[in-house]
Amino acid sequence: MNPETTRKLINPKASATRTVSIVGTGSYLPERVLTNKELETLVDTSDDWIYTRTGIRERRIAAPDEATSDMASHAARKALEMAGIEPGDVDMIIVATCTPDMFFPSTACFVQKQIGASKAFCLDVSAACSGFLYALEVAHQFVASQSAHTALVIGAEKMSSVIDWQDRTTCVLFGDGAGAAVLQAREEPHGILTTVLGANGNLSDLLSIPGGGSRLPYSPETLDKRMNYLKMAGREVFKHAVTNMSNAVLEALKQCGATVDDVACIIPHQANARIIQAIGQRMNAPMEKFYINVHKYGNTSAASTIVALDEAVRSGRVQKEDLILMVVFGGGFTWAASLVEW
Ligand code: ACO
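Residues numbered from 1 in each chain as written. Predicted model: local features only at pLDDT ≥ 70, side-chain atom pairs only at ≥ 80, totals over all residues. Heavy atoms only, no water.

Draft legend 1. Focus on the environment of Q270. Within the secondary structure, Q270 is located in the loop between β11 (265–268) and α9 (273–283). Distance from Q270 to E157, taken between C-alpha atoms, is 13 Å for residues 113 residues apart in sequence. Polar contacts involving the side chain of Q270 include one to the main-chain carbonyl oxygen of Y291, which spans 2.9 Å. Among the polar contacts listed, one links the side chain of Q270 to the backbone nitrogen of V294, at a separation of 3.2 Å. (Helix = DSSP H or I, 4+ residues; strand = E, 2+ residues; numbered from the N terminus. Polar contact = N/O pair within 3.5 Å; in protein donor to acceptor, adjacent residues only side chain to side chain.)

Next up, the structure:
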């Protein structure tokens, strides 16, 4: 640089970070209900086995021509409507999913097209069932640092497209759906307080879809071995889910100087009612604090937490200034916990 020149540049990102709030939520569940009773006709299982082991009674299944982005777009429109924001004012769309419409383009690009958010940049996040909180934190950082003004964060899954309908150990657990949240900076000192993120790639084999990617591309052999479907070591997943979610919750509370007593509503990943009970015991939190809808939708992976949050908000279960705790766990393994002052 020429020493004679006095350069006076402005770094637009240098100011203190801003408080970011969730200013709208929305969700969409496909119409088709698949009950445990109906599953009894597909695989060797029973309503009683499924309900006592998981708390699930029924789940929703997307129509054959309904893709993840279609469900995501329905949820996004509802969230924008609640926030009173036009699609054209969205700067950023981030979709958490492990069942994208295609390898590429990203599902977020398809959502952009469907809702007409032509100004938005678009990306997907892959963190399996933990995806929504991972995406929430990415968007939070963009908005806090003024790189985006309005972000649309979506968790959407068509799990029915990656489930092995011949495998009774997994096909009874999952369902389809989508949820969305709109983020903007707000003057008030509430909003997203912290998000604790974690992962352990050493345990990736315990929950995955092994075939169809660059490691094992589709071939007659991978299809023959049904490797294009979700595989899970249920018992192992259960143990790690309880431990990591409980630890993430404790860390998030500690970071904010809060205790379980301060929390008005806990929104856990809706995979299994017994996992939620085990976390409640470890946290010393009564079950009444948890918002649970796993009986209606099963495990909708990245959609589960935001669908539950939207229901809790719309039903009045979550009130202004309430402290909300969200906690998730998924393939990777990945996990996260967020504390939000509503
Ligand atoms: N119907 C009837 N019997 C079944 C079924 C079924 N759908 N599935 C398994 N069984 C049988 C097994 O074959 C086994 O029979 P066996 O004793 O004759 O071998 C028996 O039931 C017990 O099987 P387990 O797998 O040991 O049963 P468990 O009590 O561990 O429950 C479950 C299985 C529900 C999957 C449990 O391990 C679990 O919930 N794990 C966590 C899974 C989860 O929530 N994953 C999602 C979190 S991460 C994410 O969201 C992607």
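What follows continues from the structure just given.
Draft legend 2. Quick peek at the sheet that holds strand β13 (residues 334–341). With respect to topology, 4 strands assemble into an open sheet ordered β8-β13-β12-β11, the strand pairing being mixed. The two strands at the open ends of the sheet, each matched to only one other strand, are β8 (191–199) and β11. Shown here is a sheet whose adjacent strand axes are inclined to one another by a mean of 10 degrees, direction ignored. With 4 bridges joining them, β11 and strand β12 (residues 323–330) adopt parallel strand pairing. Its bridge partner lying in β12, I266 is registered against L325. Along the sheet face, helix α5 (residues 131–144) touches β8, β12 and β13 and points at about 125 degrees away from the line of β8. (Pairing = 2+ DSSP bridges. Axes fitted to C-alpha atoms, helices over the stretch in contact; angles between N-to-C directions. Contact = heavy atoms within 4.5 Å.)

Draft legend 3. How the structure looks around the state of the cysteines. Counting across every chain of the model gives 0 disulfides. C256 takes part in no disulfide bond, and the closest cysteine sulfur, belonging to C265, lies 16 Å away. Classification of C256 by relative accessible area gives partly exposed; the value is 31%. (Disulfide = S-S within 2.5 Å. Buried < 20%, exposed > 50% of the residue type's maximum accessible area, 1.4 Å probe, protein only.)

Draft legend 4. Spatial organisation of the site of the ligand. Around the ligand sit 23 residues in total, of which T45, R53, C129, N272 and N299 are the nearest. Here an oxygen atom of the ligand sits 2.8 Å away from a polar atom, N or O, in the side chain of R235. Protein contact buries 76% of the 1000 Å² of open area that the ligand shows by itself. Secondary-structure elements contributing two or more residues to the shell around the ligand are α2 (47–54), α6 (168–171), α8 (234–255), α9 and β12. A total of 4 residues in the shell around the ligand trace back to one element, the largest contributor, which is α8. (Near = heavy atom within 4 Å. Areas by Shrake-Rupley, 256 points an atom, 1.4 Å probe, with all protein chains shown as cover.)

Draft legend 5. Geometry of the pattern of salt bridges. Tallied over the entire structure, the rule returns 10 salt bridges. For E40, the salt bridge is made with K37, and the minimal N-O distance between the two is 3.6 Å. Under the relative-accessibility criterion, K37 is labelled exposed at 54%. The residue E236 makes a salt bridge to K239 at a minimum N-O spacing of 3.0 Å. Highlighted residues: E236 and K239, both in helix α8, separated by 3 residues, approximately one helical turn. Judged by relative accessible area, K239 falls into the partly exposed class, the value being 49%. (Salt bridge = Lys/Arg side-chain N within 4 Å of Asp/Glu carboxyl O.)

Draft legend 6. Structural detail: the sheet that holds strand β1 (residues 20–28). On the basis of which strands lie adjacent, the open sheet formed by 5 strands has the order β1-β7-β6-β4-β5 and mixed pairing. Every interior strand has two partners, whereas the edge strands, β1 and β5 (121–125), have only one. Sheet twist, expressed as the average angle between the axes of neighbouring strands with direction ignored, equals 20 degrees. Packed onto the sheet, helix α11 (residues 304–314) meets β1, β6 (150–158) and β7 (176–185) and runs at close to 100 degrees relative to β1.

Draft legend 7. View of the domain arrangement of the protein chain. Looking at the assigned domains, one finds that the protein chain contains domain 1 (20–185) and domain 2 (192–341). Each side of the interface is counted separately: domain 1 has 51 residues, and domain 2 has 46 residues. Together domain 1 and domain 2 conceal approximately 3900 Å² of surface at their shared face, both sides included; 63% is due to carbon and sulfur atoms. On the domain 1 side of the interface with domain 2, the three residues burying the most area are C129, L133 and Y134, jointly 17% of the side's total. One salt bridge connects R226 with D164, and the closest N-O pair in it is separated by 2.9 Å. Counting every contact that joins domain 1 to domain 2 gives 22 residue pairs in polar contact (both at pLDDT 80 or more). Listed by contribution, the elements that provide at least two residues to the side of domain 1 that touches domain 2 are β1, α2, β3 (58–61), α3 (68–83), α5, β6 and β7. Class assignment of the residues belonging to the side of domain 1 that touches domain 2 gives a composition of 25 nonpolar, 16 polar and 10 charged. (Domains from an automatic or database assignment. Buried area = accessible area lost by both parts, 1.4 Å probe. Nonpolar A, V, L, I, M, F, W, Y, C, P; charged D, E, K, R; others polar.)

Draft legend 8. View of the pairing of β5. Pairing between strand β4 (residues 92–96) and β5: 5 bridges, direction parallel. What sits directly across from M92, in β5, is F121. Remark: the β4/helix α4 (residues 107–115)/β5 crossover connection has right-handed handedness. (Right-handed = clockwise from strand over helix to strand, strands pointing away.)

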